[in-house]
Amino acid sequence: MEIIWTKKAIESFKELAFYLNSSFGKDIAASIVGKVTRRATDLLRKSIVRKGV
């Protein structure tokens, strides 16, 4: 199973990353993008465990 990102979600995520980068710098932007990515992956793992896959 994989996470399927809609076109709108990808565009919004990119806009958020650009905003964070311009407002707070590269390190903060990379940190937050990494956290969002990890949390999305964690949600996927939890859903797989609940389904018993």
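Basis of the calculations
Residues numbered from 1 in each chain as written. Predicted model: local features only at pLDDT ≥ 70, side-chain atom pairs only at ≥ 80, totals over all residues. Heavy atoms only, no water. Phe/Tyr/Trp six-rings, centres within 6.5 Å; stacked < 30°, edge-to-face > 60°. Buried < 20%, exposed > 50% of the residue type's maximum accessible area, 1.4 Å probe, protein only. Salt bridge = Lys/Arg side-chain N within 4 Å of Asp/Glu carboxyl O. Helix = DSSP H or I, 4+ residues; strand = E, 2+ residues; numbered from the N terminus.

Draft legend 1. Inspection of the packing of aromatic side chains at higher detail. Enumeration according to the criterion identifies one aromatic pair in this entry. Residues Tyr19 and Phe24 carry aromatic rings whose centres are separated by 6.3 Å and whose planes lie at 85° to one another, so their mutual orientation is edge-to-face. Residue classification places Tyr19 among the partly exposed positions, given a relative accessible area of 48%.

Draft legend 2. Seen up close, the pattern of salt bridges. The full count for this structure, using the stated rule, is one salt bridge. Among the salt bridges present, the one from Arg45 reaches Asp42, with a minimum N-O distance of 3.3 Å. Of this pair, Arg45 and Asp42 both sit in helix 2 (residues 26–51), three residues apart, roughly one helical turn. On the accessibility criterion, Asp42 (34% relative accessible area) is partly exposed.

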